[in-house]
Amino acid sequence: IIEAAHIMCSVAENYRGNNNFEYDLTDIVRQAISEKGRMTLKDIKQAYDSKEMELFEKKCNEFLGLILLQDKLLSCRSEFMVGKWINSARKMGKSKKERDLYEWNAKVQITTWGNRNASENGGLRDYAHKEWNGILKDLYYTRWMLYFDYLKLGKETCNIDWFSIDTEWVKNKKNYPHKEYNNIIEVVKEFVQLNY
């Protein structure tokens, strides 16, 4: 997938403005960044297990950078934006109370899926996981940074209260953009510069 993404990036300028190509380019580069993230997680585990903390720190920062790059990439298409999801839900409400409820439901669906018991004991947390602009930067990045910090400090990661972190994001009233605000042809240049 990473090689396919690089091939598409190499001809991207030729298809600037072609809606279908730019959608596919966004999606394949999204997948390539995810794949690179999976590979980097293996490096992180290996560095941690062998107590190479300098390498561990470097790889953690690389992984967090990939989340931010993916978030930026997905700001190029409204189809990949949490703001579009939330905005669509809010539009269905006829009153402020209804709009707030629909927003809460939309956010819960892609995070906890329900109460603490359903989320943690029922295995429903991230059941509807989405790689979307907004949630990547504001929730997933926060989660991973906290997880890495616990490892660095030698704390038990099982003590992290994931449900509270997710619930804090759900309750946040941040106004997420629902229309693209970056250009895919320009953003993929950053992906190509990573040289992997």
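Coordinates for the structure precede this section.
Because the structure is predicted, anything quoted here is derived from the model rather than measured.

Reading the values: the criteria
Just so you know, the residues in each chain are numbered from 1, in the order the chain's sequence is written. Local features are withheld for residues below a pLDDT of 70 in this predicted model, meaning they are given only at 70 or higher, and side-chain atom pairs are given and counted only at 80 or more; totals for whole chains, interfaces and linings count all residues. Water and hydrogen atoms were dropped before computing side-chain values, which therefore reflect all heavy atoms in the structure. Secondary structure elements are taken from DSSP: a helix is a run of H or I of four residues or more, a strand is a run of E of two residues or more, and numbering for both begins at the N terminus. Based on C-alpha atoms, the radius of gyration is set beside the globule rule, defined as 2.2 Å times the residue count to the power 0.38. Between buried and exposed lies partly exposed: a residue is buried under 20% and exposed over 50% of the maximum accessible area for its type, with that area taken using a 1.4 Å probe on protein chains only. Whether two residues touch is decided by their heavy atoms; if any such pair falls within 4.5 Å, the residues are in contact. The protein chains shown are the only cover counted for residues, whose accessible areas, like all others here, come from Shrake-Rupley with a 1.4 Å probe. The convention is simple: Lys and Arg are positive, Asp and Glu are negative, and His and the chain ends are not counted. Think of each charge as sitting on NZ of Lys, CZ of Arg, CG of Asp or CD of Glu. We define a nonpolar core as any set of buried Ala, Val, Leu, Ile, Met, Phe, Trp, Tyr and Cys residues linked to one another through side-chain atoms lying within 4.5 Å. For cavity detection a 1 Å grid was placed over the protein atoms alone, and a set of points counts as a cavity when a 1.4 Å probe fits there but cannot get out; an open set counts as a pocket when protein lies on both sides within 12 Å along at least five of seven lines, with lining residues being those that have an atom within 4 Å of a point. Grid points are joined across faces, edges and corners, and a volume is the space filled by probe spheres set on the points. Orientation is described by axes fitted as lines to C-alpha atoms, over the contacting stretch for helices, and by angles from 0 to 180 degrees between their N-to-C directions. Should the near helix be turned anticlockwise from the far one by less than a right angle, the crossing is left-handed, and should it be turned clockwise, the crossing is right-handed. Amino acid classes used here: Ala, Val, Leu, Ile, Met, Phe, Trp, Tyr, Cys and Pro are nonpolar; Asp, Glu, Lys and Arg are charged; the rest, including Gly, are polar.

## Notes on the overall build of the protein chain
Point 1. The helix and strand tally for the protein chain stands at nine helices and zero strands.
Point 2. In the protein chain, the order of α-helices and β-strands from amino to carboxyl end is α-α-α-α-α-α-α-α-α.
Point 3. Taking 16 Å as the expected radius of gyration for a compact globule of 196 residues, we find that the protein chain reaches 18 Å, a close match to that expectation.
Point 4. Along the longest, intermediate and shortest principal axes, the C-alpha atoms of the protein chain span 50 × 50 × 25 Å.
Point 5. The 196 residues of the protein chain split such that 40% are buried.
Point 6. For the protein chain, long-range pairs separated by at least 24 residues make up 70% of all intrachain contacts whose partners lie at least 6 apart in sequence.
Point 7. Carbon and sulfur atoms provide 51% of the accessible area of the protein chain, an area that totals close to 11200 Å².
Point 8. Across the protein chain, 31 positive and 29 negative side-chain charges occur, with their mean positions spaced 6 Å apart.

## Some points on the side chain of Ser78
Point 1. Examined against the element boundaries, Ser78 turns out to sit in the loop between α3 (53-74) and α4 (82-91).
Point 2. Not counting residues up to four positions away in its chain, the partners in contact with Ser78 are Lys84, His178, Lys179 and Glu180.

## Section: the nonpolar core
Point 1. Among the nonpolar cores identified, the biggest contains 47 residues, and Leu25, Val29, Leu73, Val82, Ile135, Trp169 and Phe191 are the most heavily contacted of them.
Point 2. At the level of secondary structure, the elements contributing two or more residues to this core comprise α1 (2-11), α2 (19-49), α3, α4, α7 (135-153), α8 (162-171) and α9 (184-193).
Point 3. When residues in this core are grouped by element, the largest group, nine residues, is from α3.

## Quick word on the layout of surface pockets
Point 1. For the largest pocket, the calculated volume is near 430 Å³.
Point 2. Looking at the largest pocket, it is lined by 19 residues, and the ones nearest its centre are Phe63, Ile67, His129, Tyr140 and Trp144.
Point 3. If you list the elements that add at least two residues to the lining of the largest pocket, you get α2, α3 and α7.

## Some details on the packing of α1 against α2
Point 1. With their axes 8 Å apart at the nearest point, α1 and α2 run at an angle of 140° to one another. In this structure, the crossing between α1 and α2 has a hand that is left-handed. For the pair formed by α1 and α2, the contact residues are Ile2, Ala4, Ala5, Met8, Cys9 and Val11 on the first element and Phe21, Asp24, Leu25, Ile28, Val29, Ala32, Glu35, Lys36 and Met39 on the second.
Point 2. Residue composition of the contact of α1 with α2, by class: twelve nonpolar, no polar and three charged.

## Remarks on the packing of α4 against helix α5 (residues 96-109)
Point 1. Where α4 meets α5, the closest approach of the two axes is 7 Å, and the angle between their N-to-C directions is 145°. Considering only the axes of α4 and α5, their crossing is right-handed. On α5, the residues touching Trp85, Ile86, Ala89 and Arg90 of α4 are Arg99, Asp100, Tyr102, Glu103, Ala106, Lys107 and Gln109.
Point 2. Here the residues of the contact of α4 with α5 sort into five nonpolar, one polar and five charged.

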